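Overview (structure and organization)
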Amino acid sequence: EEGRCVRTLCGHPGSVFDVQLQGNLAVSSSADGIRIWDVRADKPVRVLRTFGSVRSAAVWRNKIVTAHTESPVLRLWTF
């Protein structure tokens, strides 16, 4: 059946601002940082504590670029 929820990933204490997919991983960003999820296992495999609230994140290969609400800079992370 199309249009039905097949996974629910819980872990951020507040709102999620952005989500990116890379293969079997999902990268989500929120006020508490970034979580990297194994979407098949329905659990986070890594939590990156950031410098303030992450407004958006872009995933490319094994890197994440983040934009923050309190800072005019972009940050590059590896995972």
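Right above here is the structure, for reference.
Okay, so let's go over this structure.

What counts, and where the lines are drawn
- Residues numbered from 1 in each chain as written.
- Predicted model: local features only at pLDDT ≥ 70, side-chain atom pairs only at ≥ 80, totals over all residues.
- Heavy atoms only, no water.
- Pairing = 2+ DSSP bridges.
- Helix = DSSP H or I, 4+ residues; strand = E, 2+ residues; numbered from the N terminus.
- Buried < 20%, exposed > 50% of the residue type's maximum accessible area, 1.4 Å probe, protein only.
- Polar contact = N/O pair within 3.5 Å; in protein donor to acceptor, adjacent residues only side chain to side chain.

**What about the pairing of strand β1 (residues 16-22)?**
- Looking at chain direction, β1 and strand β2 (residues 25-30) are connected through six bridges and run antiparallel. By the bridge assignment, Q20 is partnered in β2 with V27.
- Where β1 hands over to β2, the hairpin turn is made up of two residues, of which G23 adopts a positive phi near 60°.

**Notes on the side chain of S30**
- Checked against the element boundaries, S30 lands in strand β2.
- The buried category is assigned to S30, whose relative accessible area is 1%.
- Side-chain polar atoms of S30 contact the side chain of H12, separated by 2.8 Å.
- A distance of 2.2 Å separates a polar atom in the side chain of S30 from a polar atom in the side chain of D32.

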